[in-house]
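# Close look at the chain arrangement
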Amino acid sequence: MSDPFTPSGLDPLAAARMVASLGHNGALGSRIVALGDDWAELALDYREDLIGDEETGVLASGPIIALMDMATSIAVWIKRGVFRPQATLDLRIDYLRAATPGHTVIGRGECYRLTRRIAFVRGQAHDGDPADPIANVVATFMMTDEA
Amino acid sequence: MGCAPKLPPYGRFLGISVETTDAGPLFCMPFTPTVVGRPQFLHGGAIAGLLEIAAVGTVMAALAEEPGASVKPINVTVDFMRGGRERGTFAAAVISRLGNRIANVEAFAWQEDRVKPIASARMNLMVRRNG
C-alpha cells in the first residue's frame, strides 16, 4: 500500500481516498460520492452507534463535524491540485435542524480561497434535500509542511 | 453537580468515559484507532466530538435536578491549538450562562497538561425545561 503522506505533492484524489478509509474517517464509514474542481461531496450512512440522543434516535453532531472536516479537506487538495498535509485551524458549525433518523447525511465542502499557508472553506450538509440543509460550516486549514 | 451524565451511543463509539470531580464532570477519551486522523495525530472530528460531549454533559449535569430537561445544539465554534498526539485526551466544560432557554458553554480539551489545551469549543445550546 502506497503512503500518500510522504512525500507530499502526490495525486490529491488517491490521497483523499486513502485518508477517507483510515482511522476516524474509516470508523465512521464516510465515502466520497461526487467531486468538482474545488468541492467534494461525502456520504455518511445512519448508524445506531453514532446516535447522540437516544430518545429521538437523532445522529450526534460530532460525526457531522468529522464528515464536513473531511469534505472540506478534500476540496482543498483538489483545488490545490496536490496533496499537502494540513491541520484544521478552526471550524464553526450551525446546526440548522436535526438530521432525520435513518437518513444518509450528505456533506458538501468547498474551498473558496487558497493561499500558500491557509485554506478557507465552507460547506453544507443535508439528509436528502440540498435545499433543506441540516448544517452549515465555515472553517480554515493551515498547511503543516511549511512549504 | 453530583451525578455523572449518561453518555449517548456516539460517546461510547469514541470510547469516552466520565468521572465526577468537585469542579464538575471530567471526560476522558483514550487513544484508539477509532479516533486517529492523519498518522500519529488525533482526528479533529473526534476532538470536536469530545468537546461537544463535554459541553452537553456538563449542562445536563447542571440540569440533573430538573427531570425531563433536555438540550439541543444550536452551534459550536472549535479552535484547534495543538495537534492531539497518541495518548489519552481529557475534556471539561465551563458554563458561562445557563438561562431559561439558552446555555452558553466553553469546553477545553488537553492531554498531558491542563494549561496547554489542544482545542477549545464555544457552544450555544437550546434548553428545554419541563414546566
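In this report, the structure presented in the accompanying data block is examined. Remember, predicted model here, so these are calculated numbers, not experimental data. (Residues numbered from 1 in each chain as written. Chains lettered and ligands numbered in written order. Predicted model: local features only at pLDDT ≥ 70, side-chain atom pairs only at ≥ 80, totals over all residues. Heavy atoms only, no water.)

### Things to note about the packing of aromatic side chains
Summed over the entire model, instances satisfying the criterion amount to 3 aromatic pairs over all chains. Centre to centre, the rings of Trp77 of chain A and Phe83 of chain A are 4.6 Å apart; their planes meet at 50 degrees, and the pair counts as tilted. With a centroid separation of 6.2 Å and 20 degrees between ring planes, the pair formed by Tyr10 of chain B and Phe13 of chain B is classed as stacked. In this pair, Tyr10 of chain B and Phe13 of chain B both sit in helix H1 (residues 9-13), 3 residues apart, roughly one turn of the helix. Here the two residues Tyr10 of chain B and Phe13 of chain B agree in accessibility, since each one is buried. Stacked on the ring of Tyr112 of chain A, the Lys or Arg Arg122 of chain A has its end atom at 4.1 Å from the ring centre. Over the face of the ring belonging to Phe41 of chain B we find Arg38 of chain B, whose NZ or CZ atom lies 4.0 Å from the ring centre. (Phe/Tyr/Trp six-rings, centres within 6.5 Å; stacked < 30°, edge-to-face > 60°. Helix = DSSP H or I, 4+ residues; strand = E, 2+ residues; numbered from the N terminus. Buried < 20%, exposed > 50% of the residue type's maximum accessible area, 1.4 Å probe, protein only. Lys NZ or Arg CZ within 6 Å of the ring centre and 35° of its normal.)

### Details of the pairing of strand S6 (residues 117-128) of chain B
Residue and element names in this part refer to chain B. Most of S6 sits inside the fold, with 9 of its 12 residues counted as buried. Here strand S5 (residues 102-110) runs beside S6; their pairing, made up of 9 bridges, is antiparallel. In the strand pairing of S6, Glu106 is matched with Arg122. In textbook terms, the turn of a hairpin is the stretch between consecutive antiparallel strands, and for S5 and S6 this stretch comprises 6 residues. (Pairing = 2+ DSSP bridges.)

### A word on the pairing of strand S1 (residues 31-35) of chain A
All names here are of chain A. Judged from the 4 bridges that link them, S1 and strand S2 (residues 39-44) form a sheet pairing that is antiparallel. Bridged to Leu35 within S2 is Ala40. The hairpin turn running from S1 into S2, its antiparallel successor, is 3 residues long.

### Re the interface of chain A and chain B
Listed per partner, the contact involves 31 residues of chain A and 27 residues of chain B. Counting each side, the surface lost to burial between chain A and chain B is near 2300 Å², with a carbon and sulfur contribution of 57%. It is His24, Glu54 and Tyr95 of chain A in chain A that bury the most area against chain B; as a group they hold 25% of the surface buried on that side. At the boundary of chain A and chain B, one finds 2 salt bridges. Along the contact surface separating chain A from chain B lie 14 residue pairs in polar contact (both at pLDDT 80 or more). No other element matches strand S5 (residues 86-95) of chain A, which puts 10 residues into the side of chain A that touches chain B. Relative to strand S3 (residues 70-80) of chain B, S5 of chain A runs antiparallel, the two being bridged by 5 bridges. Its bridge partner being in S3 of chain B, Asp94 of chain A is matched across the sheet by Asn75 of chain B. (Contact = heavy atoms within 4.5 Å. Buried area = accessible area lost by both parts, 1.4 Å probe. Salt bridge = Lys/Arg side-chain N within 4 Å of Asp/Glu carboxyl O. Polar contact = N/O pair within 3.5 Å; in protein donor to acceptor, adjacent residues only side chain to side chain.)

### A look at helix H2 (residues 44-62) of chain B
Along its 19 residues, H2 of chain B runs 27 Å from first to last C-alpha, staying within 8% of the 27 Å computed at 1.5 Å per residue. Among the 19 residues that make up H2 of chain B, 16 are buried, leaving the element largely enclosed by the rest of the structure. (Expected span 1.5 Å × (residues − 1).)

### What to know about the sheet that holds S5 of chain A
Taken together, 12 strands build an open sheet; the order of strands is S1(A)-S2(A)-S6(A)-S7(A)-S8(A)-S5(A)-S3(B)-S6(B)-S5(B)-S4(B)-S2(B)-S1(B) and the sheet is antiparallel. Every interior strand has two partners, whereas the edge strands, S1 of chain A together with strand S1 (17-21) of chain B, have only one. Strand-to-strand twist across the sheet, computed as the mean angle between neighbouring axes with direction ignored, equals 25 degrees. Packing against the sheet, H2 of chain B makes contact with S5 of chain A together with strand S2 (24-29), S3, strand S4 (89-98), S5 and S6 of chain B, and its axis sits at approximately 45 degrees to S4 of chain B. (Axes fitted to C-alpha atoms, helices over the stretch in contact; angles between N-to-C directions.)

### Quick look at the pattern of salt bridges
Residue and element names in this part refer to chain A. Considering all chains together, one arrives at 12 salt bridges over all chains under this definition. Across the pair Glu41 and Arg108 runs a salt bridge whose closest N-O atoms are separated by 3.5 Å. Linking Glu41 in strand S2 with Arg108 in strand S6 (residues 105-114), this pair joins segments that are 67 residues apart in sequence. On the basis of relative accessibility, which here comes to 19%, the residue Glu41 falls in the buried class.

### What about the layout of surface pockets?
Taken as a whole, the largest pocket spans an internal volume of roughly 1200 Å³. When residues of the lining of the largest pocket are traced back to their parent elements, those giving at least two are strand S3 (51-53), strand S4 (58-59) and helix H3 (61-80) of chain A together with H2, S3 and S6 of chain B. Here the lining of the largest pocket gets 6 residues from one element, more than from any other, and that element is H2 of chain B. Here the residues of the lining of the largest pocket sort into 26 nonpolar, 8 polar and 9 charged. If you add up the space inside the second largest pocket, you get close to 510 Å³. Lining the second largest pocket are 30 residues, with Gln86, Ala87 and Thr88 of chain A together with Arg38 and Leu42 of chain B positioned closest to its centre. Mapped onto the lining of the second largest pocket, the elements with two or more residues apiece are H3, S5 and strand S8 (135-143) of chain A together with H2 of chain B. Classifying every residue of the lining of the second largest pocket gives 17 nonpolar, 10 polar and 3 charged. (1 Å grid on protein atoms, 1.4 Å probe; cavity = no way out; pocket = protein on both sides within 12 Å on 5 of 7 lines; lining within 4 Å. Points joined across faces, edges and corners; volume = space filled by probe spheres on them. Nonpolar A, V, L, I, M, F, W, Y, C, P; charged D, E, K, R; others polar.)

Scope: geometric values only; no functional claims are made or implied.
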